[in-house]
Structure formats: structure tokens, C-alpha cells
Amino acid sequence: MEAIKQTESISIVQQWRAELVGTEMFWADLLVDERFADESGSMSQYVVDYRANLKDHIASVIAKPRVFLFGLREKVRFNYFRQPSYNFLTKKTKFHLLVGVNSKPMTVSIKLEDFFFKDLPRPKIILEPHFVTLLKSQADNVTLSVHDFLSTVGADLGFQCDVIATGSSFSPYWGEIEDEAQSLSAFFNETKRHVVKGKDLVVYLNDYELTTTGSMLDNVVIDENIDGLFEQPIAIVSNDEDLDQDDPDEDGIDERLDMDPHQLLMLSRCFTLYFLGRDAETSVIVKSADNNLSRYMKRASVSLIAIDHAYICEGEYINLGSQEVAHSSSHVFSIEQENGRLSVEKPAD
């Protein structure tokens, strides 16, 4: 009979909690040059500058730790054959839109001074299918994409955004990234995979505050076969001096994490399981997310990842959902691991 030795350790089982602290939304199709060129004619210098500035801004954002969601919305364009009209009684400007693959006409009436130039209810307007430029003067102007504009003014067209994919930056799958230009190129390549004809693709770049709580089990006895045939429980074993002493409590250790690329990727996979759970068309993606997240949580002794992705306001552009999840501006859920299996826990309706 083989000898068994016993070792004592402190086992720390982690729980992660990620809370949304910021989001930037942008219309991804604007960055895919070939698609944009197919739909665009001649562009004003305002639009040329807008796209250049947008690329620079996105490059700087994705150089930081972000989890992103890809969402599909109804296609919408300005009807630049019909100029906006101003109502002197209501001080609102009516914009004409073409929506969906069949270019259904719709209108929105906006009191522009509530959102742009406070002392100028009727600015000069330059309209293009994808963009609107509002001018107070040659030096004082605002250029927005149609989706930026509708989101800014809180327009309600009755549409929702369907989450179809998730990702993270820097993604470990992007390979070696040396500068912002390479990260932007890698992000573009990923974005192109999700472009759908007849729809508009928007991306939400999300920043989260991640904290961990470690529950300590003192004097845990691990039976270990001296020949190595017994597989040890996967746990983080640490000495007292290695533990965070800044804010200890009786039950565990709370610690604010600076997320590494793999932790970001795990959060991204949590969203994959949440939004895409049983969608047959994404089964390969879901299975990959489930397998890799499960393996990571076992190795790191993470029993639960709780995510609070909630906005403090309402709006059509933050009303996210999928075939699995009802559309809402608030998504609070957790991924739990028990006996090697993952489950998605959602609040009861």
C-alpha cells in the first residue's frame, strides 16, 4: 500500500466582481474602409477630419484594458434629398431618415439648442447620408455620424441593439502588439468578421472595476500521493505574508485588480455565455467560451464571477439584448462554477 502524506495550507477560493464604470459607443462600419467607401460619395472636409479623429481616438481607447460588445442595429441614414426643416413655434428641427433594408422613411424632431449650441436654436446644417455637421461658425462646428447624433439627442425610433459577439483588448489572440497602430489594425480585422449586410454594426468599449474576494480555509489538509498519482485540488496556496493587508476582514481578502489580457478575455467570455447561451448559430463560440472559462476558473480557484453592467440612464442605444436575454439598459448576472460545470445565474423576472 502506497504511503500518503498530509500537507497543511491556506486555500483561497476567489470571487470576482466586475462593475461597469464607463462605456464608449461608436459605429464600427465607419472604420471599415471598403464598406464605408461602397456607400459613400464625395465627403466634406468635416467628415474626412471626423473619421481621422475617430480612428485616432479608438486607437488610444483600445490600447487600454477594455471588454467590448458587438451589436447589430437597424440600418439608418439621413435622407439628404430632404433638408431638415425648422419650426419657429416649437423651435424644433425635423430630420428625415431612411431606415432598414427597404429605406423606410421616418422623421425625428429635435430641439437642437438643448444639445449643441445653447444660444443658437437654428444652426446651419450640412447633411450627408452618414453624417450631419452643425455650424455656428466656420471655426465652431460639430460633426456627428447618424448614430452618434440619434444617441446624443435620445431619439426613439423603436429599435433595439442585438449583441452578437464579444471581445477584449489587448486580446491574447492578436499576437504581438507593439504600438497603437497595430492594435487598431487587429481590432479592425476582428470588427470586419461581424459586419452584416443591411444592418449597422456598433461597438461598446467598456471599462470595468474588478475586485476580488478571497475566502480563506485555514488548516486545510490535502492528502497527496507521494508518487504523484493523486491529483491535487486546484487552489491558490499562499503564506500569510503574501496576503493583502490593506483592508483585511474576518472572512477574506478584498483586492482591486489591474486586469491583465487573460482576465479581460475571461470577462468577455462571461458575456458570451450570458448573451449567446443557447443560440445554435454561435454554438462553436459558446462551447469555446465555456470550455476555456471553465478551465481558467479551475486553475485560478475562481468560484464565481459577478458582473454588473448597468447604465444610470435609459436610451435606445444602451438597450442591449439578444435571443437569450431581454433587451435592457441593465444587465446583472454571474457565472458560477460548481463541480467543474459553469452556470449562468440571472435575476428572476
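Worth saying up front: this structure is predicted, and the values here are computed from it rather than measured.

A. View of the overall build of the protein chain. Across its full length, the protein chain holds six helices and 17 strands. Of all 349 residues assigned to the protein chain, the portion counted as buried reaches 46%. Carbon and sulfur atoms make up 47% of the accessible area of the protein chain, which amounts to about 18,700 Å² in all.

B. Fine view of the nonpolar core. By size, the foremost hydrophobic cluster in this structure holds 86 residues, and its most contacted members are F95, F149, L150 and F187. No other element matches helix 5 (residues 261-276), which puts ten residues into this core.

C. A look at the sheet that holds strand 8 (residues 131-135). In spatial order, the strands read 7-8-9; together these three strands make up an open sheet with antiparallel pairing. One side of each edge strand has no neighbouring strand; the edge strands of this open sheet are strand 7 (124-127) and strand 9 (141-145). Ignoring strand direction, the axes of neighbouring strands in this sheet form an average angle of 15°. Pairing between strand 8 and strand 9: five bridges, direction antiparallel. When the bridges of strand 9 are listed, V132 appears paired with L144.

D. Structural detail: helix 4 (residues 180-192). With 13 residues, helix 4 should cover 18 Å at 1.5 Å per step; its first-to-last C-alpha distance of 18 Å lies within 8% of that length. Taken together, the buried positions of helix 4 are occupied by S183, L184, A186, F187, F188, E190 and T191.

E. Representation of helix 5 in the model. Compared with the 22 Å implied by 1.5 Å per residue over 16 residues, the 22 Å span of helix 5 between its first and last C-alpha is a close match. Burial analysis of helix 5 places 14 of its 16 residues in the buried class, which makes it a mostly covered element.

F. Spatial organisation of the side chain of S329. Relative to the helices and strands, S329 is located in the loop between strand 15 (320-321) and strand 16 (330-338). Within the structure, the side chain of S329 is placed 3.0 Å from the side chain of E314, a separation counted as a polar contact. In contact with S329, other than residues within four places in its own chain, are H309, A310, Y311, C313, E314, I318 and N319.

G. Up close: the packing of aromatic side chains. One pass over the full model with this rule turns up 18 aromatic pairs. Ring centres of F70 and F187 lie 6.4 Å apart, and the angle between their planes is 20°; on these two criteria the pair is classed as stacked. Remark: F187 occurs in helix 4 and F70 occurs in strand 2 (residues 66-74); sequence separation between them is 117 residues. The same class applies to F70 and to F187, which are both buried.

H. View of the environment of V108. As for its placement among the helices and strands, V108 is situated in strand 6 (residues 104-110). Linking V108 and K92, residues 16 residues apart in sequence, is a C-alpha distance of 9.5 Å.

I. Layout of the packing of helix 2 (residues 45-62) against helix 4. Where helix 2 meets helix 4, the closest approach of the two axes is 9 Å, and the angle between their N-to-C directions is 95°. What the angle tells us is that helix 2 and helix 4 run roughly perpendicular. When helix 2 is examined against helix 4, the residues K55, I58, A59, S60 and I62 are found in contact with a partner set consisting of E180, S183, L184, F187 and F188. Along the lines of polarity and charge, the residues of the contact of helix 2 with helix 4 split into six nonpolar, two polar and two charged.

J. Representation of the pairing of strand 16 in the model. Of the strand pairs in this sheet, strand 14 (residues 302-310) and strand 16 are connected by seven bridges, and their pairing is antiparallel. Within the sheet, the bridge partner assigned to A306 lies in strand 16 and is S334. Hairpin geometry of strand 16 and strand 17 (residues 341-345) is characterised by an intervening segment of two residues between the two adjacent antiparallel strands and by a positive phi of about 55° at N339.

K. Region of the structure containing the side chain of T272. With respect to the element layout, T272 can be found in helix 5. Those residues within four positions of T272 in sequence are excluded, and the remaining contacts are T166, G277, I285, V286 and A289.

L. Local environment of the confidence of the model for the protein chain. Averaged over the protein chain, the pLDDT score is 79; the fraction of residues at 70 or greater is 79%. Per-element averaging of pLDDT across the protein chain places strand 12 (residues 236-237) at the bottom with 26 and strand 5 (residues 92-99) at the top with 95. Across residues 1-10, confidence stays below pLDDT 50; counting only partners more than four residues off in sequence or on other chains, it has 33 contacts. Taken as a whole, residues 216-254 scores under 50 in pLDDT and shows 75 contacts with residues more than four places along the chain or in a different chain.

M. Spotlight on unusual backbone geometry. The backbone phi angle of K91 is positive, close to 60°, even though this residue is not glycine. Mapping K91 onto the fold places it in the loop between strand 4 (85-87) and strand 5. K91 sits in the partly exposed class, given a relative accessible area of 39%. A positive phi angle, near 55°, is found at S301, a position not held by glycine.

N. Just the environment of L264, in detail. Relative to the helices and strands, L264 resides in helix 5. Expressed as a C-alpha distance, the spacing of L264 and V67, which sit 197 residues apart in the sequence, is 6.3 Å. L264 has contacts with P65, R66, V67, S168, S169 and M259, leaving out every residue within four places of it along the chain.

The rules we used
- Residues numbered from 1 in each chain as written.
- Predicted model: local features only at pLDDT ≥ 70, side-chain atom pairs only at ≥ 80, totals over all residues.
- Heavy atoms only, no water.
- Helix = DSSP H or I, 4+ residues; strand = E, 2+ residues; numbered from the N terminus.
- Buried < 20%, exposed > 50% of the residue type's maximum accessible area, 1.4 Å probe, protein only.
- Areas by Shrake-Rupley, 256 points an atom, 1.4 Å probe, with all protein chains shown as cover.
- Core = buried A, V, L, I, M, F, W, Y, C linked by side-chain atoms within 4.5 Å.
- Pairing = 2+ DSSP bridges.
- Axes fitted to C-alpha atoms, helices over the stretch in contact; angles between N-to-C directions.
- Expected span 1.5 Å × (residues − 1).
- Polar contact = N/O pair within 3.5 Å; in protein donor to acceptor, adjacent residues only side chain to side chain.
- Contact = heavy atoms within 4.5 Å.
- Phe/Tyr/Trp six-rings, centres within 6.5 Å; stacked < 30°, edge-to-face > 60°.
- Parallel < 35°, antiparallel > 145°, perpendicular 65-115°, else oblique.
- Nonpolar A, V, L, I, M, F, W, Y, C, P; charged D, E, K, R; others polar.
- pLDDT = per-residue confidence, 0-100.

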